[in-house]
Amino acid sequence: MLKRMFVAPDPGRARLRFAARAVLGIGPAVVVCFLAGHSLAGAVTGGLAALLALFTVADPTVRGQAVTTALLPAVGLPVLAVAAGLHDRPVARDLAFLAVVGAGVYARRWGPRGHSLGVFAFMTFFVAQFLHATPARLPELYAAVLLSVATAAAVRFGVWCYERRLPPAAVPAPPGGTGLARVTTRQAVQATAGAGFALLLGQLVSGQRWYWAVGATWWIFVNTASRGETLVRGFRRVLGTVIGMGLGFFVAVPVHGAPVPTAVLVAVCVFGIFYTAAVSYTWMMLWVTLLAELLYGLLGVLSPGLLGLRLAETAVGALGAALAVALVLPVTTHATTDAWIQRALRCVHACTAEAAARLAGSATADPAPRVAELEQLLGRVRLSVAPLVHPLNPLAARKARARRVLALLDDCAREIRGLVAVAADPEASHDARLAAACWRVEAAVEALTAGRATPTPHPAANPSPTSVPAPAPPPAPASASGPAVVAAPSGSASAVVAEPSLASASGSGSAVVAASGLAPASASCLAAVPAHGAASASVPGLASTSAQGSIVVSSHGLASALTSGSAAVPAPARASASAHDLTPAPAHGLTPAQAHSAPVPIPAPRPAPMPMPDSADNVALSRPHGPALVHLHGLERALADLAEPLRRPAGARLVRA
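### Quick look at the overall build of the protein
At step 1: Tallying secondary structure elements over the protein gives 21 helices and two strands in all.
At step 2: A separation of at least 24 residues holds for 79% of the contacts in the protein among residues at least 6 apart in sequence.
At step 3: Carbon and sulfur atoms make up 66% of the accessible area of the protein, which totals about 27,600 Å².

### Some thoughts on the side chain of Gln187
At step 1: The residue Gln187 is located in helix H8 (residues 183-205) in this model.
At step 2: Overall, Gln187 belongs to the buried group, its relative accessible area being 4%.
At step 3: Non-local contacts of Gln187, meaning those with residues more than four positions away in its chain, are made with Val105, Arg108, Phe221, Thr224, Ala225 and Ser226.

### Looking at the packing of aromatic side chains
At step 1: On inspection of all chains with the given rule, the structure shows 16 aromatic pairs.
At step 2: Ring geometry for Phe97 and Phe125: centres 4.6 Å apart, planes at 10°, overall stacked. Here Phe97 is found in helix H5 (residues 90-106), whereas its partner Phe125 is found in helix H6 (residues 111-130), with 28 residues between them in sequence. Both residues of the pair, Phe97 and Phe125, count as buried.
At step 3: In this structure an aromatic cluster arises from ring pairing among Phe97, Phe122, Phe125, Phe126, Phe130, Trp210, Tyr211, Trp212, Trp218 and Tyr296.
At step 4: Note that Arg17 overlies the ring of Tyr162, its terminal NZ or CZ placed 4.6 Å from the centroid.
At step 5: Above the ring of Trp212, the side-chain terminus of Arg310 is found at 5.6 Å from the ring centroid.

### Examining the environment of Leu309
At step 1: Secondary-structure assignment places Leu309 in helix H14 (residues 304-327).
At step 2: Contacts of Leu309, omitting those with residues within four sequence positions, involve Val205, Ser206, Arg209 and Trp212.

### Some words on a nonpolar patch on the surface
At step 1: A cluster of nonpolar side chains, Phe235, Leu239, Val242, Ile243 and Leu392, forms an exposed patch at the surface whose accessible area comes to about 400 Å².
At step 2: As for its position among the elements, Leu392 is in the loop between helix H16 (368-389) and helix H17 (396-423).
At step 3: Note on Leu392: relative accessible area 60%, which makes it exposed.

### Quick word on the pattern of salt bridges
At step 1: All chains considered together, the criterion is met by ten salt bridges.
At step 2: Residue Arg414 is joined to Asp411 by a salt bridge in which the shortest nitrogen-to-oxygen separation is 3.0 Å. Residue Arg414 and its partner Asp411 are both found in helix H17; the two are separated by three residues, about one turn of the helix.
At step 3: The class for Asp411 is partly exposed, based on a relative accessible area of 25%.

### A short note on the state of the cysteines
At step 1: By the definition in use, this model includes zero disulfides.
At step 2: Counting only cysteine sulfurs, Cys351 is the nearest neighbor of Cys347, a cysteine outside any disulfide, at a range of 4.2 Å.
At step 3: A relative accessible area of 4% means that Cys347 is categorised as buried.

### What to know about the packing of H5 against H8
At step 1: The N-to-C vectors of H5 and H8 enclose an angle of 150°; their axes lie 8 Å apart at closest approach. Judged by the angle between their axes, H5 and H8 are roughly antiparallel. Classified by chirality, the crossing of H8 by H5 is right-handed. Contact with H5, carried on its side by Arg93, Asp94, Leu98, Val101, Gly102, Val105 and Tyr106, involves Thr184, Thr185, Gln187, Ala188, Ala191, Thr192, Ala195, Gly196, Leu199 and Gln203 of H8 and no other residues of that element.
At step 2: In terms of residue class, the contact of H5 with H8 is made up of eight nonpolar, seven polar and two charged.

Conventions adopted
Residues numbered from 1 in each chain as written. Predicted model: local features only at pLDDT ≥ 70, side-chain atom pairs only at ≥ 80, totals over all residues. Heavy atoms only, no water. Helix = DSSP H or I, 4+ residues; strand = E, 2+ residues; numbered from the N terminus. Contact = heavy atoms within 4.5 Å. Areas by Shrake-Rupley, 256 points an atom, 1.4 Å probe, with all protein chains shown as cover. Buried < 20%, exposed > 50% of the residue type's maximum accessible area, 1.4 Å probe, protein only. Phe/Tyr/Trp six-rings, centres within 6.5 Å; stacked < 30°, edge-to-face > 60°. Lys NZ or Arg CZ within 6 Å of the ring centre and 35° of its normal. Patch = residues over 30% accessible without salt bridge, like charges linked within 9 Å, V, L, I, M, F, W, Y side chains within 5 Å. Salt bridge = Lys/Arg side-chain N within 4 Å of Asp/Glu carboxyl O. Disulfide = S-S within 2.5 Å. Axes fitted to C-alpha atoms, helices over the stretch in contact; angles between N-to-C directions. Parallel < 35°, antiparallel > 145°, perpendicular 65-115°, else oblique. Left-handed = near helix turned anticlockwise from the far one by under 90°. Nonpolar A, V, L, I, M, F, W, Y, C, P; charged D, E, K, R; others polar.

Here it is, written out as structure tokens:
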């Protein structure tokens, strides 16, 4: 946890600017409230409204953020009126509170704006309970909210709007569905049930501070989408509260509401909340707990007993959330993790397609926004997989498998970033090998996401004979060693694995490919190019190739009509194949007797290996095509390795929870 706090990367110092602007926005908002003659309760309400305006509004564009900020009072003021009006009617107040909880969670279906408005509505009702607001205090509270939101907006959009210099942030669309199939609908029901449990049990623990339990349940459901995520977030909330209480005994209790030191410590807490929110929920809760203790010190009610009561109510809220996600319309970790991984892989597909179009000379293709979207999706993948890699997870094999998936997805993202950087090079131009490699990557993604790899071939993937010249190989002597036999491992997502020394077939011979375990998804990826010889395929369930075709098999079960430029022109027929890092399995397609009685092929010399992109002898792979191919091959390897943890055993998912 300490490493995550102090060593976590902060690209562009985004978190630092986010936290510094929060202090600059909330401080003046509180000062404005005091200058307007408001009481301490009014200033606390205004400070909280400014904090929420700066913390929860996360629309992708500055214009959208301004609109959402303007809508906050329109949602919060009516809720504040209801909370104050029902102050002395406990049953109606509790039912209204639960209705706000359900509506606030359900509003997340409308994206960041719905989420922001839902959080603001809930916290407005919460602060009314915190301050014991009554109808007589509504005018002061209204004015405090309006002044504070306006001040925070002036700082955010006028004084320091650093977002104007940044491209719009990519925000993944929420999962779809209708009715109870929609995740946000199920979570709204869960949050309402959990909050109801926390409300009842919290009132048994304390008739005055019961709203702490409801608040704990609410915030545990924020930014979660599955049972596992909610349980982990609940654990982290309790842990952060415990640590914050311990710190409060040494910081908040001795200060005991002294104005100047309390103001300084509140500013530090605000900075800590904003700076650590994106890194560690435990650290954020530590600062939230310390901030609450300082505010209670200002109000003159802080005591060690109050700190213990807060811990008890937080535990009640966490228990309510855990019971709700386990018993009420559970959203499994399996379903959520699989959905986010599928979306991340499809984004890899889109990034590669955009990069291929850019390399082909398209002026409108721009893979950069796709890269930003991929980063956001990988963040969601890490969040959904967090329960599996948590230190308290007793399933070691599943934990290792999840970590392997995360590492491979990070490898994919790194290769995509490199590919996009190469595609942005003004010297980059169309090259058939790059298009073919991009096509193989897209096919690999389709095999992982849909169970089949039958993409529409790019035009450049099957170039004309004049695209990449390749001399015809010299005639080779006949071989009496029998047909070339290649086997593919059974049940593999990259099912076609060829021996690098696969012999080419001449006009009178045939190349026999035996793959008894070939998956139909991979079998459909074989491509044929015109040649003079005959190449027969002995693959169960595989459609036979043309009588005058040659087969080109890539390393991961993906077809390529052109990998190194040697199969694009008519030549004595040959079936070229590469296996890169994979080891071929024993052949099961022919018995020894069948092998000796089969037609004898006339092999061609083994094709010379492709030189490394940075080799001095490599003329064809000139800059920037060499680096692009390096990134594409790295992406292919990562996708092929992903097949094992995602599909092992056959048809299995990453998780079963």
